[in-house]
Amino acid sequence: MSESTYDTIDMYEEKAMMLVEQLIEKGIVEMPPDEPILVHVPTGAQFSSAQNLAHYHSGWKAGTAE
């Protein structure tokens, strides 16, 4: 298993929040002002959990890497 695979295995809430904050800074994730959701900009997928979004993004990133 690669190191990035291990990253998704132990994705606890604090680590997920840190990743989501980084993705927000990069413009990959947005938080609509009046809704309690996180939007993964490249795909339009919406999440109510930072942990779920972090897992999704990690899988999406792995699937789009060459």
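See the structure printed just above.
What comes next concerns the included structure. Note that this is a predicted model, so its numbers are computed, not measured. (Residues numbered from 1 in each chain as written. Predicted model: local features only at pLDDT ≥ 70, side-chain atom pairs only at ≥ 80, totals over all residues. Heavy atoms only, no water.)

## Description of helix H2 (residues 13-26)
For the record, the criterion: For the purposes of this entry, the term helix denotes a DSSP run of H or I that reaches at least four residues, the term strand denotes a run of E that reaches at least two, and both are numbered from the N terminus. Under the convention used throughout, the expected extent of a helix is 1.5 Å for every residue step, that is, one less than its residue count. Each residue gets one of three labels from its accessible area relative to the maximum for its type: buried under 20%, exposed over 50%, partly exposed in between, using a 1.4 Å probe on protein chains only. By definition, the arc is the one covered by directions from the helix axis to the C-beta atoms. For this analysis, residues touch if any pair of their heavy atoms sits within 4.5 Å.
An ideal rise of 1.5 Å per residue puts 20 Å on 14 residues; H2 measures up with 20 Å between its terminal C-alpha atoms. The set of residues buried in H2 consists of Ala16, Val20 and Leu23. One face of H2 carries all of its buried residues, which in axial projection span an arc of 60°. Within H2, the exposed residues directed more than 90 degrees away from the buried face are Glu14, Met18 and Glu25. Where H2 is buried, its residues contact strand E1 (29-30), strand E2 (38-40) and helix H3 (50-64). Just downstream of H2, Gly27 is the residue with a positive phi angle, here 85°.

## As for the sheet that holds E2
Condition: Two strands are said to pair when DSSP picks up at least two bridges between them. Convention adopted: a line fitted to C-alpha atoms gives each axis, helices being fitted over their contacting stretch, and angles between N-to-C directions are expressed from 0 to 180 degrees.
In spatial order, the strands read E1-E2-E3; together these 3 strands make up an open sheet with antiparallel pairing. If you trace the sheet from one side to the other, it starts and ends with E1 and strand E3 (45-47), each paired once. Of the strand pairs in this sheet, E1 and E2 are connected by 2 bridges, and their pairing is antiparallel. Note that in E2 the partner of Glu30 across the bridge is Val39. Contacts between H3 and the sheet are confined to E1, E2 and E3, with E2 contributing the most and set at about 5° to the helix.

## Things to note about the nonpolar core
Put simply, the rule is: What we call a nonpolar core is a set of buried Ala, Val, Leu, Ile, Met, Phe, Trp, Tyr and Cys residues that are connected through their side-chain atoms within 4.5 Å.
By size, the foremost hydrophobic cluster in this structure holds 10 residues: Ala16, Val20, Leu23, Val29, Leu38, Ala45, Phe47, Ala50, Leu53 and Ala54. Of all elements in the fold, only H2, E3 and H3 reach the threshold of two or more residues within this core. Beyond its immediate sequence surroundings of up to four residues, Ala45 is in contact with Leu38, Val39, His40 and Tyr56.

## Focus on the packing of aromatic side chains
Basically, it comes down to this: Think of it this way: a Phe, Tyr or Trp ring, Trp meaning its six-membered ring, pairs with another when their centres are within 6.5 Å, and the plane angle makes it stacked under 30 degrees, edge-to-face over 60, tilted otherwise.
In this structure the tally under the stated criterion is 1 aromatic pair. Note on Phe47 and Tyr56: the rings are 5.0 Å apart at their centroids and 50° apart in plane angle, and the pair reads as tilted. Relative accessible area serves as the criterion here: at 15%, Phe47 is assigned to the buried category.

## Quick word on H3
For H3, built from 15 residues, the straight-helix expectation of 21 Å at 1.5 Å per residue is met to within 8% by its first-to-last C-alpha distance of 21 Å. Within H3, burial applies to Ala50, Leu53, Ala54, His57 and Ser58. Projected down its long axis, H3 carries its buried residues within an arc of 135°, all on one side. The outward face of H3, more than 90 degrees from its buried face, is lined by the exposed residues Ala62 and Gly63.

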